[in-house]
Amino acid sequence: MYWKRLVELCENKKVFIQTHNFPDPDAVSSAFGLQYFLKQYGIHAILCYAGKIEKLNTKRMLSVFDIDMSYIDDITDMTSEDYIITIDAQKYNANISTFPGHEIACIDHHPTFIDYEYEYKDVRICGACASIIAKYYEDAGILISENVASALLYGIKIDTAELSRGVSDLDIDMFYMLYKKANLSKIASLYSNSMELNDLKAYGAAFESITIVEEIGFASIPFNCHDALIATISDFILSLDVVECAVVYAIREDGIKFSVRSDMTDVDAGRLTEWALSGVGTGGGHFSMAGGFVQTANIEKFGKNLHKEIESRFVKAVNILR
Ligand SMILES: [Mn+2]
């Protein structure tokens, strides 16, 4: 009956559901699923985010599932009295902006890095936040619509790379439950036409630059490229048979953005990235996927040969953490 506490908290309040910045399919579907869940109890929540919805398939989710999400600048009436539920993200994380409202609740599937006293906290380590939201329906005995089931299933599919990454029992159970209720052709439509022509340029640059050292594949993109695309390219490079770990980075105006993907069973990708970038930038994430960032001012710390230095930092970090 844990969810009742959330419902009670939100009664007669203005409620916002905030995803992490640059929301991905899991964040969007979880926020949408929670919005619909709360609606069953007469609570009308508004979905909001900062940053951009970058990837084409995430943008298309909004029309395919009829999801209404507001960019923070378009919300002019949020006050400190209003309640915020952070979803697929936690307050004080680097990937979530602070909005005027009061963060009373958090539902997430990532480990907590900085504690915060929410009135309601539901953090479970699993493959997708959408699985946690699907469980709310099951536990509360609320009928899930075909549309919401489809959105949540898509969130699980994408965040777990088709049930191949970071999967827990909860993900499997919810996948099975949602699969029977979802509109599979709607989901299939999100897999076709998912790439923009400009994305190909980033793929091209990454392929040109690829090097492999001790089963780690390194690739760089020497121009502005959004986070989601760097991550997709990193996933792609990990699929090479000779690669156990992929490190892809883009040199952008604000600094160097890293995306790390790993199949290694003995090294945590989040810790690896943190180690490799220590002293120059920040890094962290999950066991099999992580991100990192180095500000422009610190790039010179890598010395003359940026790519070589990045290679040696990651190789060294793997050997230390092993
Ligand atoms: Mn997620």
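For the structure, check the block above.
Predicted model only: the values in this text are computed from it and were never measured.

Draft legend 1. Main features of unusual backbone geometry. At Phe22, a residue that is not glycine, the phi angle is positive and equals roughly 55°. Checked against the element boundaries, Phe22 lands in the loop between strand 1 (15-19) and helix 2 (25-39). The class for Phe22 is partly exposed, based on 18 C-beta atoms found within 10 Å. Of note, the phi angle at Tyr92 is positive, near 80°, even though the residue is not glycine. Of note, Tyr92 is situated in the loop between strand 4 (83-87) and strand 5 (102-108).

Draft legend 2. Summary view of the packing of helix 2 against helix 4 (residues 129-140). It is at 8 Å that the axes of helix 2 and helix 4 come closest, and there the two elements cross at 15°. When the interaxial angle is binned, helix 2 and helix 4 end up roughly parallel. Where helix 2 crosses over helix 4, the two elements pack in a sense that is left-handed. Each of Asp26, Ala27, Ser29, Ser30, Gly33, Leu34 and Phe37 in helix 2 lies in contact with helix 4, whose residues at this interface are Cys129, Ala130, Ile133, Ala134, Tyr136 and Tyr137. Per-class residue counts for the contact of helix 2 with helix 4 are nine nonpolar, three polar and one charged.

Draft legend 3. A look at helix 3 (residues 56-64). Along helix 3, the residues that are buried comprise Asn57, Thr58 and Met61. All buried residues of helix 3 lie within an arc of 100° about the axis, which places them on one face of the element. Elements that come into contact with the buried residues of helix 3 comprise helix 2, helix 5 (146-159) and helix 7 (184-191). Of the residues trailing helix 3, Asp66 is marked for its positive phi of about 60°.

Draft legend 4. Summary view of the environment of Val260. Considering the arrangement of structural elements, one finds Val260 in strand 10 (residues 255-262). A count of 29 C-beta atoms within 10 Å places Val260 in the buried class. With 26 residues separating them in the primary sequence, Val260 and Ser234 have C-alpha atoms 6.5 Å apart.

Draft legend 5. Layout of the packing of helix 2 against helix 5. In contact at an axis separation of 8 Å, helix 2 and helix 5 are set at 150° when each is read in the N-to-C sense. One element, helix 2, and the other, helix 5, form an angle in the roughly antiparallel class. Of the two elements, helix 2 crosses helix 5, and the hand of that crossing is left-handed. Between helix 2 and helix 5, the residues in contact are Pro25, Asp26, Ser29, Ser30, Phe32, Gly33 and Tyr36 and Val148, Ala151, Leu152, Tyr154, Gly155, Ile158 and Asp159, respectively.

Draft legend 6. Structural context of the nonpolar core. Counting residues in each nonpolar core, the largest one holds 53 residues, and the members touching the most others are Leu34, Ile87, Ile133 and Leu152. Among residues more than four places away in sequence, those in contact with Leu152 are Ser29, Gly33, Ala130, Ile133, Ala134 and Leu178. One finds Ala219, Ala228, Ala276 and Leu277 within the second-largest nonpolar core, a separate group that totals 36 residues.

Draft legend 7. Region of the structure containing the sheet that holds strand 4. Taking strand neighbours across the sheet as the criterion, the six strands line up as 3-2-1-4-5-6 in an open arrangement whose pairing is parallel. One side of each edge strand has no neighbouring strand; the edge strands of this open sheet are strand 3 (69-71) and strand 6 (120-123). Averaged over all neighbouring strand pairs, the angle between strand axes comes to 30°, with direction disregarded. Pairing between strand 1 and strand 4: five bridges, direction parallel. Note that in strand 4 the partner of Thr19 across the bridge is Ile87.

Draft legend 8. Fine view of the sheet that holds strand 12 (residues 289-295). Strand order in the open sheet made by the six strands is 7-8-9-10-12-11, with mixed pairing throughout. What marks the edges here is a single partner per strand, and that holds for strand 7 (211-213) and strand 11 (282-285). Here the strands of the sheet are splayed against their neighbours by 20° on average, with no regard to which way each runs. Sheet topology places strand 8 (residues 216-221) next to strand 9 (residues 245-251); six bridges connect them, and they run parallel. Looking at the pairing, Ile216 lines up with Cys245 of strand 9. In the packing of helix 9 (residues 227-238) onto the sheet, contacts are made with strand 8, strand 9 and strand 10, and the angle to strand 10 comes to roughly 40°. Sheet contacts for helix 11 (residues 306-321): strand 7, strand 8 and strand 9; angle to strand 8, the most-contacted strand, approximately 150°.

Here is what the cut-offs are and how they apply
Residues numbered from 1 in each chain as written. Predicted model: local features only at pLDDT ≥ 70, side-chain atom pairs only at ≥ 80, totals over all residues. Helix = DSSP H or I, 4+ residues; strand = E, 2+ residues; numbered from the N terminus. Buried ≥ 20, exposed ≤ 12 C-beta atoms within 10 Å, placed from the backbone. Axes fitted to C-alpha atoms, helices over the stretch in contact; angles between N-to-C directions. Parallel < 35°, antiparallel > 145°, perpendicular 65-115°, else oblique. Left-handed = near helix turned anticlockwise from the far one by under 90°. Contact = placed C-beta atoms within 7 Å. Nonpolar A, V, L, I, M, F, W, Y, C, P; charged D, E, K, R; others polar. Arc of directions from axis to C-beta. Core = buried A, V, L, I, M, F, W, Y, C linked by C-beta atoms within 7 Å. Pairing = 2+ DSSP bridges.

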